[in-house]
There are 2 protein chains.
Amino acid sequence: MSLRSEERCLPESSRQDIHAVILAGGSGTRFWPLSRELSPKQMLSVFGETSLICDTILRARSIVGADAPLEIVVGTVLFDEIRNHLLAQPQLSDAQLEYVIEPVARNTAPALALAAATIEARDPEALVVMLPSDQLVESDEMWVKTMKAALAEAKHDRLVTIGLVPTRPETGYGYIKAASELSHKAPQKGTTSSKLRVASVEAFVEKPDVPTAQRYLEAGNYYWNSGMLVAKARVILEELCRVQGLNAASADNVQIVETARALAAVPEAEHFKAAALRAFEALPSVSFDTAVLELSNRVSVVPTTMNWSDVGSLLALETLVQPDKQGNHIIGEGLAVDSRNTLIYSKDRLLATLGTQDLFVVDTPDATLVAPRERAQDVRLVVQALQNREAPEVREPRVSQRPWGTWNIVEQGNGFKVKELTILPGARLSLQSHERRSEHWVVVAGTATVTQEGTVRDISCGESVFIPARTQHRLENRGTGDLHIIEIQVGDYLGEDDITRYSDDFNRRSY
Amino acid sequence: MSLRSEERCLPESSRQDIHAVILAGGSGTRFWPLSRELSPKQMLSVFGETSLICDTILRARSIVGADAPLEIVVGTVLFDEIRNHLLAQPQLSDAQLEYVIEPVARNTAPALALAAATIEARDPEALVVMLPSDQLVESDEMWVKTMKAALAEAKHDRLVTIGLVPTRPETGYGYIKAASELSHKAPQKGTTSSKLRVASVEAFVEKPDVPTAQRYLEAGNYYWNSGMLVAKARVILEELCRVQGLNAASADNVQIVETARALAAVPEAEHFKAAALRAFEALPSVSFDTAVLELSNRVSVVPTTMNWSDVGSLLALETLVQPDKQGNHIIGEGLAVDSRNTLIYSKDRLLATLGTQDLFVVDTPDATLVAPRERAQDVRLVVQALQNREAPEVREPRVSQRPWGTWNIVEQGNGFKVKELTILPGARLSLQSHERRSEHWVVVAGTATVTQEGTVRDISCGESVFIPARTQHRLENRGTGDLHIIEIQVGDYLGEDDITRYSDDFNRRSY
């Protein structure tokens, strides 16, 4: 996607001052079994044509400009998956994506500090738009107006939050309590008359109970905390240091900033190494809200009515379809007999309910979850139980996106694995070999161009090719439609890390 | 299994007089998604090492002797599936199985008449032991004792039912009301002193409500109707005619008997043809209970305490495992978090419940059912809804048993299908060809002996072979362990009926 300059928020001269930071590290345990440790919520495409993180990046580009750099903050564990995922998005083919690697997960304060330090090293006065990658936001006029107001406010060295005007007594969100409108917000030349009101923040408050939420709704100066932040890189780091020690959570703020600056000064590859891991591990796991925002007197809020959802539980799937007369939401191959107020999400298999009420069922190729609607916020309990038994279904998805397309495990057994590969038109896998497995490829749609030990030939639909272990091979789709391959792997070890890459269009590593 | 003669119920001289009839025609809609139209409850192996029908046949052989003929009553639709299934049971390899084909399903009165007429044609005085094929009965001393008593009673030209002494006020069964002990049941020479009491039947009563069931339990002369019947072939047909017209259900009894006798006189293959279909279609669909037993004054009951279950709903799966402390029964890959009194049956995939109560979930590779326990008797409503939308999941199982092993569809798409084949040691498929599909076989365990256009060769684990359309081929396992093949079918039509058989160890038909 290429934006025309008039679509950008700020005039051309100041454009390079805005950086987008996308926080891609969420684990998304509330979305299991749709999300997995290696395919968290932000990578799911269930809510639209693209994933939440892809949507977020496109939305960020509408603010910072199509050719501004985008910093993707991600941990070492998810880095390969997120990068593969983003490489596979055609809408991002011209995006200037940069990765800020957290050596180990330490919540948002160290993560934001690392991103701010990375940008500060280039331009301390740069404005930073920090967006969670797993929210659903409509990229409309109100979105642009909201971010314009936040950027203008951030220029005054403020930490600017985005608050949603509440529409119901919601108990699932934290709230931002606004104080009064800021004095320096006199209308400026060149801004529209319908510019959003901006207020200073008096307090951040935890998720309320129902009566309290009702009171907040009626009070008029409480807003849902969106988790977005706009501020200068320098100000983020300054405020971390300035509020150090004001509460227990901020005790190590200076150490966070120093560690972040040190790490920002070394190349990306160093972030994967033991020294970086040790330095980051020494930091407290603390959120930016408790370490800074709740303590600083430089925090503003832009109240907005933009269309926003944090997609906080599997019940968010209900927004995808209209309910039937009995209040059932059925997405995919569901059948609800004598059922009421039941959510069925089942894209690949038949899922029938009989006589159920206030229940949700979410089905995936290798795992299914059944629970009453009122327990939708507790899905992490299931994830914890699965982690305790080291269940593979909590870590790896059965379908994995790659820059060249997707693979999908359809069957596995002792000494073999069957995958369905989809290779996008024009794409090719790396030139590679495997030590311990051989592969049979059967073409079931399209024509495969196969390189094998230096020889290139075309394999038509219905034909097959055998790739012995330890031989160089490459699979390519020179056609105009998708290429589908059934791959049967046979060997004594079938892990994804048995791969040596000799050449790769996507610069991925061998293991 | 070969029984020694002392294990048989009757002395050698009278052995040839006993025939077992296994009613294999049940549709088993109460067991979906485990059961399917083409794989009904009696073919399920979930309750033991073998299927319910295989168990039933083994149990019948313990009564009639290992080399007595066994008549399997089955409809034209299920015939191939049942025969394939029984051919695949090693315990039945020496069994003398004969098939009585119902041209069309017409409930038990026509089915029993057809079986009786088939046996009557050889020996009118033959004793017939008729057993439903989908019950779970312990083949112990009490089983033998019960059948001994029934056979002895049937010799007096009685229609003998088996009644279970109730242990709870069950509302899910019909009851048999016994009158008084029969006068001719004076102890006979050679019988054991602990011989079972036999009574004449006063009435058959429908499934009661709870207070009525409680009253039956306390009365002492009400028994659960097991659906088994022991009688002479001649007596079954005589009684059908004798009670004709005593109620609406028996109005066409003579026609039933005449049609059954006519059909019994023609070879098995004729039963598949239009003339037989028309004759049988003209018969009323009526149960033997309403057409005869409720009207006849020659009905006896053998009350017994044998271990019996009609496996009437999916909740019967709970008998397979001990519950956990919260009363959850988990069979297979289940995880119950904060759940109570929940049944999870999931053999192939992870199925997690969170906060559920009094629920059951039954998962299969292609379909899952979720319902409150109290709705377990209503599963047919789901089956009806699926039949209305012509869902394939109601008809065909994803795993199909064949005389040579099993196949299992692991993936299918436009123009292709992936199957996992398991070929038993020593078994081979038919010599066959397909008009419209080619096949790729990859051996993932064992060694395949492949015949292709007259040439025989061995394909080792990790190797593959291509079978073009319209070429003769055969797959054989000459090894001592199972042979596993991944088969990828490619073609414009992939139905099971695209097969021409040139030679088959199991005498199956081409289509």
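The preceding data block contains the structure.
Residues numbered from 1 in each chain as written. Chains lettered and ligands numbered in written order. Predicted model: local features only at pLDDT ≥ 70, side-chain atom pairs only at ≥ 80, totals over all residues. Heavy atoms only, no water.

### Here we look at the sheet that holds strand β17 (residues 405-413) of chain A
All names here are of chain A.
- Taken together, the 6 strands give an open sheet; going across it, the order is β16-β17-β18-β25-β20-β23, and neighbouring strands pair in antiparallel fashion. Each of the sheet's edge strands pairs with one partner strand only, and the pair in question is β16 (399-402) and β23 (464-467). Across the sheet, the axes of successive neighbouring strands diverge by a mean angle of 20°, strand direction being ignored.
- As defined by bridge partners, β17 adjoins strand β18 (residues 416-423) across 8 bridges and the pair is classed as antiparallel. For isoleucine 409, the partnering residue across the bridge sits in β18 and is lysine 419. (Pairing = 2+ DSSP bridges. Helix = DSSP H or I, 4+ residues; strand = E, 2+ residues; numbered from the N terminus. Axes fitted to C-alpha atoms, helices over the stretch in contact; angles between N-to-C directions.)

### Looking at the interface of chain A and chain B
- Tallying the contact residues gives 52 residues for chain A and 52 residues for chain B.
- Summing the contributions of chain A and of chain B, the shared interface buries around 4000 Å²; its carbon and sulfur component is 65%.
- On the chain A side of the contact with chain B, Arg349, Leu350 and Leu354 of chain A bury the most area, a combined 18% of that side's loss.
- Scanning the region where chain A abuts chain B turns up 4 salt bridges. (Contact = heavy atoms within 4.5 Å. Buried area = accessible area lost by both parts, 1.4 Å probe. Salt bridge = Lys/Arg side-chain N within 4 Å of Asp/Glu carboxyl O.)

### A closer look at the pairing of strand β22 (residues 455-459) of chain B
All names here are of chain B.
- The pairing of strand β21 (residues 448-452) with β22 spans 5 bridges and is antiparallel. Among the inter-strand pairings, threonine 451 is bridged to a residue of β22, identified as valine 456.
- Between β21 and the antiparallel strand that follows it, β22, lie 2 residues; glutamate 453 among them carries a positive phi value of about 45°.

### A look at the relation of the copies chain A and chain B
- You can overlay chain A on chain B at an RMSD of 0.1 Å; the transform is a turn of 179° with a shift of 0.0 Å along its axis. Both copies are brought into coincidence by an operation consistent with a two-fold rotation axis. Among all residues of chain A, the one whose C-alpha sits closest to the rotation axis is valine 410 of chain A, at a distance of 3.2 Å.
- Here 100% of the interface residues in chain A have copies in chain B that are interface residues too; the copies meet face to matching face. (Least-squares fit on C-alpha atoms with pLDDT ≥ 70 in both.)

### A short note on the sheet that holds strand β20 (residues 437-445) of chain B
Residues and elements named next belong to chain B.
- The 6 strands lie next to each other as β16-β17-β18-β25-β20-β23, forming an open sheet whose pairing is antiparallel. Of all strands in the sheet, those with a lone pairing partner are β16 (399-402) and β23 (464-467), marking the two edges. Here the average twist between neighbouring strands, direction ignored, is 20°.
- Sheet topology places β20 next to β23; 4 bridges connect them, and they run antiparallel. Opposite histidine 440, over in β23, you have phenylalanine 466 as the bridge partner.

### Observations regarding helix α5 (residues 210-219) of chain A
Residues and elements named next belong to chain A.
- Buried within α5 are the following residues: Thr212, Ala213 and Tyr216. All buried residues of α5 lie within an arc of 100° about the axis, which places them on one face of the element. Opposite the packed face of α5, turned more than 90 degrees from it, sit the exposed residues Val210, Pro211 and Glu218.
- Following α5 by one or two positions, glycine 220 has its phi on the positive side, about 90°. (Buried < 20%, exposed > 50% of the residue type's maximum accessible area, 1.4 Å probe, protein only. Arc of directions from axis to C-beta.)

### Digging into the environment of leucine 431 of chain A
Residues and elements named next belong to chain A.
- For leucine 431, the position within the fold is in strand β19 (residues 431-433).
- The sequence separation of leucine 431 and leucine 421 amounts to 10 residues, and the corresponding C-alpha distance is 16 Å.
- Setting aside anything within four residues of it in sequence, one finds leucine 431 in contact with Thr451, Gln472, His473, Arg474, Thr500, Arg501, Tyr502 and Ser503.

### Regarding the packing of aromatic side chains
- For the structure on display, the rule yields 14 aromatic pairs over all chains.
- Aromatic pair phenylalanine 79 of chain A and tyrosine 99 of chain A: ring centres 5.3 Å apart, planes at 85°, arrangement edge-to-face. Taken together, the residues phenylalanine 79 of chain A in helix α2 (residues 76-87) and tyrosine 99 of chain A in strand β3 (residues 97-102) connect sequence positions 20 residues apart.
- Of the aromatic side chains, those joined through ring pairs into one cluster are Phe79, Tyr99 and Phe272 of chain A.
- In this structure, lysine 419 of chain A is placed above the aromatic ring of tryptophan 407 of chain A, and the distance from its NZ or CZ to the ring centre is 3.9 Å.
- Its guanidinium or amino end placed over the ring of tryptophan 143 of chain B, arginine 59 of chain B lies 5.3 Å from that ring's centre, counting from NZ or CZ. (Phe/Tyr/Trp six-rings, centres within 6.5 Å; stacked < 30°, edge-to-face > 60°. Lys NZ or Arg CZ within 6 Å of the ring centre and 35° of its normal.)

### Brief notes about the pattern of salt bridges
- For the structure on display, the rule yields 62 salt bridges over all chains.
- Through salt bridges with shared partners, a single ionic network connects Glu125, Asp157, Lys232, Arg234, Glu238, Glu239, Arg242 and Arg298 of chain A.

### Focus on unusual backbone geometry
All names here are of chain A.
- The residue after tryptophan 32, namely proline 33, is reached through a cis peptide bond having omega 10°.
- The residue proline 33 is located in the loop between β1 (18-23) and α1 (52-64) in this model.
- The phi angle at asparagine 107 is positive, at roughly 65°, despite the residue not being glycine.
- Relative to the helices and strands, asparagine 107 is located in the loop between β3 and α3 (108-120).

### A closer look at the packing of helix α6 (residues 233-242) of chain B against helix α7 (residues 253-264) of chain B
All names here are of chain B.
- At a minimum axis separation of 7 Å, α6 and α7 run at an interaxial angle of 145°. With respect to the hand of their crossing, α6 and α7 are arranged in left-handed fashion. Only Asn253, Val254, Val257 and Arg261 of α7 make contact with α6, whose side of the interface consists of Leu237, Leu240 and Cys241. (Left-handed = near helix turned anticlockwise from the far one by under 90°.)

### Notes on the packing of α1 of chain A against helix α4 (residues 141-154) of chain A
Residues and elements named next belong to chain A.
- For the pair α1 and α4, the least separation of the axes is 10 Å and the interaxial angle reads 55°. Comparing their axes, α4 and α1 come out oblique. Where α1 crosses over α4, the handedness of that crossing is right-handed. Contacts between α1 and α4 involve Arg59, Ser62 and Ile63 from the former and Trp143, Val144, Met147 and Leu151 from the latter.
- Partitioning the contact of α1 with α4 into residue classes produces 5 nonpolar, 1 polar and 1 charged. (Parallel < 35°, antiparallel > 145°, perpendicular 65-115°, else oblique. Nonpolar A, V, L, I, M, F, W, Y, C, P; charged D, E, K, R; others polar.)

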